[in-house]
Amino acid sequence: LEQVVAALGLQHVEIGTAAVIERVDRTRAKTVEDAQAAYGGAVSLMREIDRLLQVNRHVSTTRVKGVVRSLVDNVLGNRYAMLQLTGLRNYDEYTFYHSANVAILSLALGSMVTTDYRFLSSLGVGALLHDIGKLSVDLDILNKPGALSPDEWANVRLHPVHGAEMVSLLPGVDKSAVVTILEHHMRFDATGYPSRTPPRRQHLASRIVAVADSYDAMTSRRSYSAARVQDEAMAMLAKSGGNSLDPALVRLFVRLMGVYPPRSVVRLTAGEIGIVLEPSPSDPLRPVVRVIAAPSGDFMEPVDIDLMQAPEVKIRGCIDPQLLNIDVDAYI
Ligand SMILES: [Fe+2]
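Peer 1: I keep staring at the coordination of the iron ion and nothing clicks. Help me out?
Peer 2: The reference angle at a metal is 109.5 degrees if four donors form a tetrahedron and 90 or 180 degrees if six donors form an octahedron. In this structure, Asp131 (OD), His159 (NE2), His184 (NE2) and His185 (NE2) serve as the protein donors to the iron ion, at separations of 2.1 to 2.3 Å. Around the iron ion, the 4 donor atoms sit at angles spanning 86 to 175 degrees, and that spread fits a shape best called irregular. Here the donor residues of the iron ion share one chain and are spaced in sequence as D-x27-H-x24-H-H. Of the two residues, Asp131 is situated in the loop between α6 (117-128) and α7 (139-142) and His184 in the loop between α10 (175-183) and α11 (204-218); the sequence distance between them amounts to 53 residues. Take His184: its relative accessible area is 3%, and that puts it in the buried class.

In structure tokens form, the structure reads like this:
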């Protein structure tokens, strides 16, 4: 041991019991099918939790950790396949899909900060369950088209506290996941809810989930607001940096997603329509785009263009796929 210590130039050695914290499946590259299975697993878990809560039962921690492990493995092994799935929605099951989207976006952003598996696992649990407290709020309130009454609003604002309480009862869940659920509506500028005195900074995982949550909420259609197109949401997010959101994390999020994130339907300079597949690592304005319609508006055999290799082509902006009746999933 002395020779090894001397050879490595170590300053000190700690002796203790070795333990396997998480089993990491990095033995094979993840495929698109793996990504779809991980996403589907997350949505069904949320459905199952909702069903169990209605009969006053809790989900097993092992089941939650299994789903999160698969999300982490897929985000680390096939980030862009996962990001192309985030943005799937179902109006009637909004919270289930929103939870899966926020978990994937949080893990992708978190993996740009660190690839520490333990951190990512508890970030994934906190992100997936961040709105679990909403499952007990009346759907008529959550989907109310107009403004909420003061009582209704007070009820909704309790969901981080209720969610943190619920998850703290699950044995074996990391405390930082509970903290993330509690803090996800606290803001970077120390406002938000629940209020805290004296003001203190949110946990890193809570700040990551807040960015992911804002982006997914802005790009979703709700009973009280229309969905924003992705480039508009990214611009609003950039404005929130330093106010509600951590500016360093917002900058990382733009680097992760680009100005035109995966799944965006975009119009190119000559008038063609395309779907963004993945951002460029060096220029947020020049992603890889799958062109699906000619300038005439006629749909064509899809062609992939890497805008980094085609300087003459530019993106004019995102468009709402519903306006043109485009089923994004049919093309990616
Ligand atoms: Fe929430």
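Peer 1: When you look at the packing of α10 against α11 in this model, what are you seeing that I'm missing?
Peer 2: Helix-helix packing: each pair is described by the crossing angle between the helix axes and the interaxial distance. Packing of α10 against α11 leaves a shortest axis separation of 8 Å and a crossing angle of 45 degrees. Comparing the axis directions of α10 and α11 gives the class oblique. Our pair here, α10 against α11, has a crossing hand that is right-handed. Within the contact between the two elements, α10 uses Val179, Thr180 and Glu183 and α11 uses Ala205, Ser206 and Val209. Residues that form the contact of α10 with α11 fall into these classes: 3 nonpolar, 2 polar and 1 charged.

Peer 1: What should I look at first to understand the pairing of strand β3 (residues 288-293) in this one?
Peer 2: When a strand is regular, its side chains alternate between the sheet's two faces. In terms of residue burial, β3 counts as a mostly covered element, since 5 of its 6 residues are buried. Sheet topology places strand β2 (residues 273-278) next to β3; 5 bridges connect them, and they run antiparallel. When the bridges of β3 are listed, Gly274 appears paired with Val291. As paired elements, β3 and strand β4 (residues 299-306) share 5 bridges and run antiparallel to each other. Directly across from Val289, in β4, lies its bridge partner Ile305. The turn joining β3 and β4, which pair antiparallel and follow one another in sequence, is formed by 5 residues; a positive phi near 100 degrees is taken by Gly297.

Peer 1: How should empty space enclosed by the protein be read in this particular structure?
Peer 2: Space left empty within the atom packing is revealed by a probe, the size of a water molecule, rolled over the atoms. Tallied over the full model, the rule gives 1 cavity of 30 Å³ or more. Volume-wise, the largest cavity comes out at about 60 Å³. Contributing to the lining of the largest cavity are Ile49, Leu53, Arg57, His58, Val59, Ile132, Met166, Val167 and Leu170. Of all the secondary-structure elements, those providing two or more residues to the lining of the largest cavity are α2 (32-54) and α9 (159-168). Across the lining of the largest cavity, the residue classes break down as 7 nonpolar, 1 polar and 1 charged.

Peer 1: Whenever I open this one, the packing of aromatic side chains confuses me. Can you help?
Peer 2: Each aromatic ring pair is specified by the distance between its two centres and by the angle formed by the two planes. Summed over all chains, the structure comprises 3 aromatic pairs. With a centroid separation of 6.3 Å and an interplanar angle of 50 degrees, the aromatic rings of Tyr39 and Tyr97 are classed as tilted. Residue Tyr39 is found in helix α2, and its partner Tyr97 is found in helix α5 (residues 94-113); the two are separated by 58 residues along the sequence. Each member of the pair, Tyr39 as well as Tyr97, carries the same accessibility label: buried. Here Trp153 and Tyr193 contribute two aromatic rings whose centre-to-centre distance is 6.0 Å and whose plane-to-plane angle is 75 degrees, an arrangement assigned as edge-to-face. Placement of Trp153 in helix α8 (residues 150-157) and of Tyr193 in the loop between α10 and α11 is noted, with a sequence separation of 40 residues between them. The partly exposed category is assigned to Trp153, whose relative accessible area is 38%.

The rules behind these values
Residues numbered from 1 in each chain as written. Predicted model: local features only at pLDDT ≥ 70, side-chain atom pairs only at ≥ 80, totals over all residues. Heavy atoms only, no water. Donors = N, O, S within 2.8 Å, 3.2 Å for Na, K, Ca; no water. Tetrahedral: all angles 85-135°; square planar, octahedral: opposite > 155°, others 65-115°. Helix = DSSP H or I, 4+ residues; strand = E, 2+ residues; numbered from the N terminus. Buried < 20%, exposed > 50% of the residue type's maximum accessible area, 1.4 Å probe, protein only. Axes fitted to C-alpha atoms, helices over the stretch in contact; angles between N-to-C directions. Parallel < 35°, antiparallel > 145°, perpendicular 65-115°, else oblique. Left-handed = near helix turned anticlockwise from the far one by under 90°. Contact = heavy atoms within 4.5 Å. Nonpolar A, V, L, I, M, F, W, Y, C, P; charged D, E, K, R; others polar. Pairing = 2+ DSSP bridges. 1 Å grid on protein atoms, 1.4 Å probe; cavity = no way out; pocket = protein on both sides within 12 Å on 5 of 7 lines; lining within 4 Å. Points joined across faces, edges and corners; volume = space filled by probe spheres on them. Phe/Tyr/Trp six-rings, centres within 6.5 Å; stacked < 30°, edge-to-face > 60°.

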